[in-house]
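# Remarks on the overall topology
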Amino acid sequence: MYYSLADVFVSASRSETQGLTIIEAMASGVPVVVANDLNIEGIVLHGQSGYLFDDDESLVEEIGDAYEQADLRLSMIEQAKEVVSMLSKEHFAERMIQVYEKAILQKVETVLG
């Protein structure tokens, strides 16, 4: 709930292990500005679902862009919500079912020859 009160979520952490706060902000419809880190690869896509920075200068630049580019911000929020929906427990369960179905099918094919 508190995330939705913000205009922009900024995390300057370079040691984000799971990115939960980033995901929560994205799910709340808040544009994110975060350090470019492998742990959030595929979640925050620069210019699509958020803003990534590599150093102090680009951090300041990306925060400015997050405030100034209203049109892009709106489409970014929608893209971010779509990315986050892929991380839902329902989506995870569906992927696990697919993995098990594939494994069972492979086993059956191996046994039946």
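In this report, we go over the structure that sits alongside the text. All of these numbers come straight from a predicted model, not from anything done at the bench.

Helices and strands together make up the secondary structure of the chain, namely four helices and three strands. Reading the secondary structure of the chain in the N-to-C direction produces β-α-β-β-α-α-α. Computed over the C-alpha atoms, the radius of gyration of the chain is 18 Å, more than 25% above the 13 Å expected from 2.2 N^0.38 for a compact globule of 113 residues. For the chain, the C-alpha atoms occupy an extent of roughly 60 × 25 × 25 Å along the three principal directions. Every one of the 113 residues in the chain was classed for burial, and the buried ones make up 30%. Residue pairs in contact within the chain that sit at least 24 positions apart in sequence constitute 42% of those at least 6 positions apart. For the chain, the computed accessible surface area is about 7,600 Å², with 56% contributed by carbon and sulfur atoms. When the 7 positive and 20 negative side-chain charges of the chain are each reduced to one mean point, those points stand 12 Å apart.

Helix length check: helix H2 (residues 56-68) (13 residues) gives 19 Å between terminal C-alpha atoms against 18 Å at 1.5 Å per residue, within 8%. Listed in full, the buried residues belonging to H2 are Ser-58, Leu-59, Glu-62, Asp-65 and Ala-66. An end-on view of H2 places all buried positions within 130 degrees of arc, on one side of the element. What points out from H2, more than 90 degrees from its buried face, is the exposed set Asp-56, Glu-57, Val-60 and Glu-68. Packing partners of the buried residues in H2 comprise strand E1 (9-11), strand E2 (32-35), strand E3 (51-53) and helix H3 (70-85).

Strands sit in the order E1-E2-E3 across an open sheet of three strands; the sheet is parallel. Of all the strands in the sheet, the pair left with one neighbour each is E1 and E3. Neighbour-to-neighbour, the strand axes of this sheet turn through a mean angle of 15 degrees, independent of strand direction. Here E2 pairs with E3 via three bridges, running parallel. In the sheet register, Val-34 faces E3, and the bridge partner there is Leu-52.

In this section: a nonpolar patch on the surface. Taken together, the side chains of Phe-92, Met-96, Val-99, Tyr-100, Ile-104, Val-108, Val-111 and Leu-112 define a hydrophobic patch exposed on the protein surface, amounting to about 830 Å² of accessible area. Relative to the helices and strands, Ile-104 resides in helix H4 (residues 89-112).

Attention now moves to the environment of Val-30. Along the chain, Val-30 falls in the loop between helix H1 (20-27) and E2. Considered as a pair, Val-30 and Lys-81 are 51 residues apart in the sequence and their alpha carbons are 9.5 Å apart.

Looking now at the packing of H1 against H3. Direction vectors running N to C along H1 and H3 enclose 125 degrees, while the axes themselves pass 8 Å from each other. In terms of their interaxial angle, H1 and H3 are classed as oblique. Judged by the sense of rotation from one axis to the other, the crossing of H1 with H3 is left-handed. Of the residues in H3, those in contact with Ile-23, Met-26 and Ala-27 of H1 are Ala-80, Lys-81, Val-83 and Val-84.

What counts and what doesn't
Residues numbered from 1 in each chain as written. Predicted model: local features only at pLDDT ≥ 70, side-chain atom pairs only at ≥ 80, totals over all residues. Heavy atoms only, no water. Helix = DSSP H or I, 4+ residues; strand = E, 2+ residues; numbered from the N terminus. Rg over C-alpha atoms; globule rule 2.2 N^0.38 Å. Buried < 20%, exposed > 50% of the residue type's maximum accessible area, 1.4 Å probe, protein only. Contact = heavy atoms within 4.5 Å. Areas by Shrake-Rupley, 256 points an atom, 1.4 Å probe, with all protein chains shown as cover. Lys, Arg positive; Asp, Glu negative; His and termini not counted. Charge placed at Lys NZ, Arg CZ, Asp CG, Glu CD. Expected span 1.5 Å × (residues − 1). Arc of directions from axis to C-beta. Pairing = 2+ DSSP bridges. Axes fitted to C-alpha atoms, helices over the stretch in contact; angles between N-to-C directions. Patch = residues over 30% accessible without salt bridge, like charges linked within 9 Å, V, L, I, M, F, W, Y side chains within 5 Å. Salt bridge = Lys/Arg side-chain N within 4 Å of Asp/Glu carboxyl O. Parallel < 35°, antiparallel > 145°, perpendicular 65-115°, else oblique. Left-handed = near helix turned anticlockwise from the far one by under 90°.

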